[in-house]
Amino acid sequence: MIIADGEDHHRFITQPDHARLAGRFAEHWGNETFERPRPFAAMVLAADAHDDGWWEYDRRPHLEDGEVVDFLSVPADAWVAFYDDGIESVVELNDYAGLVTSMHGSGLRRRRYGLSSSWPDTPPSFEEFVDREERRQTRLAGELHGRENDGEHGNERRSDADTRLSDADIDLLTALHEEGEPPEGTESRLWCNYELLQVWDFLSLVLCTSEWPEETTIDSVPTSPETPDVSMTVTPLGDHEFRLDPYPFDETPLTASVPARIVPDGGYDDEAALLRAYYGGEHETVEFTLRE
């Protein structure tokens, strides 16, 4: 659950709904500066579904020591259980989307594979999860690396060709698993796509985690696998409007919305009282406008 504190209320946004917002960004990513994601459908699916494992947990709010539990405070055993389920559900839909979603999950416990070097190293309670997901990634990568085009159908199988991993992608995964970061100067599309998911996820979090966001810089924003990453500045303009520089989408302005629940800030004694307030709270659709 993502919780933004207002003057007299909490705004609750579920993790899966936040992911739908990231999926909206994926759908419209790409212009003269930023290459359109490829494979497109698999990457939109990864963005849209990367937090599907949270559905059951986020059906109700949680309390710990009298404080509402947000997405950063979930106990390790619960976090591992629903990430396991969520990643598996994406793998069942699409191998490539599942691979990137698995990398996202393990990366959250491995300093985002070098993108967040100041984060702590893998806590013991997550080591088994990371090992399991990296084994899954190796298996999926082997299958995707060996996948060949169906020569009989030629370009009709372009979507399958886009999901086939290159040698550079395999080298990338090996380095991530062994060193915790990508090889210097990599042009792996898989790494570009992993970074894209981090950007879409973080941009959605910037918008969802506060009712009064401050100007934020998002680093390591890829423009293509072959070109250097850039930094993107997200500047609030008021009334849920934001300026992005450089601007990454195929239309401007881009509007995107997310459902929320508004719950009075009441100092709840137990989860039953919080649950009643949550499901008795007001529904709100928060619409964001992103412009150049």
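You'll find the structure just up there.
The notes below deal with the structure included here. What you see is a predicted model; the values in this text were computed from it and never measured.

Some remarks on the pairing of strand β9 (residues 282–291)
Bridge count between strand β7 (residues 241–245) and β9: 3 bridges; the pairing is parallel. In the sheet register, R243 faces β9, and the bridge partner there is R291.

Describing the pattern of salt bridges
Think of it this way: side chains of opposite charge can pair up when their charged atoms draw near. Here the structure, examined in full by the defined rule, presents 12 salt bridges. R189 is paired through a salt bridge with E35; the nearest N and O atoms lie 2.8 Å apart. Remark: E35 occurs in the loop between α1 (15–28) and α2 (40–49) and R189 occurs in helix α8 (residues 189–208); sequence separation between them is 154 residues. Taking the relative accessible area as the measure of exposure, R189 reaches 14% and is therefore buried. Linking R110 and E134 is a salt bridge whose minimum nitrogen-to-oxygen distance equals 3.0 Å. In this pair, R110 sits in the loop between α4 (95–107) and α5 (124–146) while E134 sits in helix α5, placing the two residues 24 residues apart along the sequence. By relative accessible area, R110 is classed as buried at 17%. Connected through shared salt-bridge partners, R20, D48 and D52 make up one network.

Things to note about unusual backbone geometry
Here the amide bond leading from D245 into P246 is cis, since omega sits at 0°, within 30 degrees of zero. With respect to the helices, strands and loops of the structure, P246 is situated in the loop between β7 and β8 (254–264). Here the amide bond leading from T252 into P253 is cis, since omega sits at -5°, within 30 degrees of zero. Inspection of the secondary structure puts P253 in the loop between β7 and β8. You will see that D65, though not glycine, has its phi angle at about 55°, which is positive.

Some words on the nonpolar core
In a soluble, globular protein the nonpolar side chains are often hidden away together inside. Counting 70 residues, the largest nonpolar core has F25, W29, W79, W200, L244 and F249 as the members making the most contacts within it. A per-element tally of this core places α8 first, with 13 residues. Those residues in contact with F249 that sit more than four places away from it in its chain are F25, H28, W29, G30, N31, L203, L244, L254 and L290. Grouped together as the second largest cluster of nonpolar side chains are 9 residues, I3, F12, L63 and Y278 included.

Quick word on α5
With 23 residues, α5 extends 34 Å between its outermost C-alpha atoms, agreeing within 8% with the 33 Å of an ideal straight helix rising 1.5 Å per residue. Along α5, the positions that sit buried rather than exposed are F126, F129, V130, E133, E134, R136, Q137, L140, A141 and L144.

Structural notes on the side chain of R261
Mapped onto the secondary structure, R261 falls in strand β8. Buried charge without a partner: R261 forms no salt bridge, and the closest opposite charge is D17, 8.2 Å away.

Notes on the packing of aromatic side chains
For the coordinates displayed, the defined rule picks out 19 aromatic pairs. Each ring, one from W54 and one from F82, has its centre 4.4 Å from the other, and the planes form 45°; the classification is tilted. Remark: F82 occurs in helix α3 (residues 76–93) and W54 occurs in the loop between α2 and β3 (63–64); sequence separation between them is 28 residues. A relative accessible area of 2% means that W54 is categorised as buried. Lying across the ring of W79, R109 places its NZ or CZ 4.2 Å from the centre. Stacked on the ring of F126, the Lys or Arg R109 has its end atom at 3.8 Å from the ring centre.

Considering the sheet that holds strand β1 (residues 2–5)
Taken in spatial order, the 7 strands line up as β1-β2-β8-β9-β7-β6-β5 in an open sheet, and their pairing is mixed. The open sheet has two edge strands, β1 and β5 (216–221), and neither has a second partner. Taking the axes of each pair of neighbouring strands and ignoring which way they run, one obtains an average angle of 30° across the sheet. Pairing of strand β2 (residues 9–13) with β8, which is carried by 4 bridges, proceeds in the antiparallel orientation. Considered in β8, the bridge of R11 is made with I262. Against the sheet, α1 touches β1, β2, β8 and β9, its axis set at about 170° to β8. This element, α8, spans β1, β2, β5, β6 (230–238), β7, β8 and β9 of the sheet and lies at about 170° to β5.

Here's the deal with helix α9 (residues 271–280)
L274, A277 and Y278 are the residues of α9 that are buried. Taken down its axis, α9 places every buried residue within 100° of arc, on the same side. Residues of α9 that are exposed and point more than 90 degrees away from the buried face comprise R276 and G280. Against the buried residues of α9 lie β2, β3, β4 (67–68) and β8. With a side-chain oxygen positioned 3.2 Å from the backbone nitrogen of A272, the residue opening α9 is D270.

Conventions we followed
Residues numbered from 1 in each chain as written. Predicted model: local features only at pLDDT ≥ 70, side-chain atom pairs only at ≥ 80, totals over all residues. Heavy atoms only, no water. Pairing = 2+ DSSP bridges. Helix = DSSP H or I, 4+ residues; strand = E, 2+ residues; numbered from the N terminus. Salt bridge = Lys/Arg side-chain N within 4 Å of Asp/Glu carboxyl O. Buried < 20%, exposed > 50% of the residue type's maximum accessible area, 1.4 Å probe, protein only. Core = buried A, V, L, I, M, F, W, Y, C linked by side-chain atoms within 4.5 Å. Contact = heavy atoms within 4.5 Å. Expected span 1.5 Å × (residues − 1). Lys, Arg positive; Asp, Glu negative; His and termini not counted. Phe/Tyr/Trp six-rings, centres within 6.5 Å; stacked < 30°, edge-to-face > 60°. Lys NZ or Arg CZ within 6 Å of the ring centre and 35° of its normal. Axes fitted to C-alpha atoms, helices over the stretch in contact; angles between N-to-C directions. Arc of directions from axis to C-beta. Polar contact = N/O pair within 3.5 Å; in protein donor to acceptor, adjacent residues only side chain to side chain.

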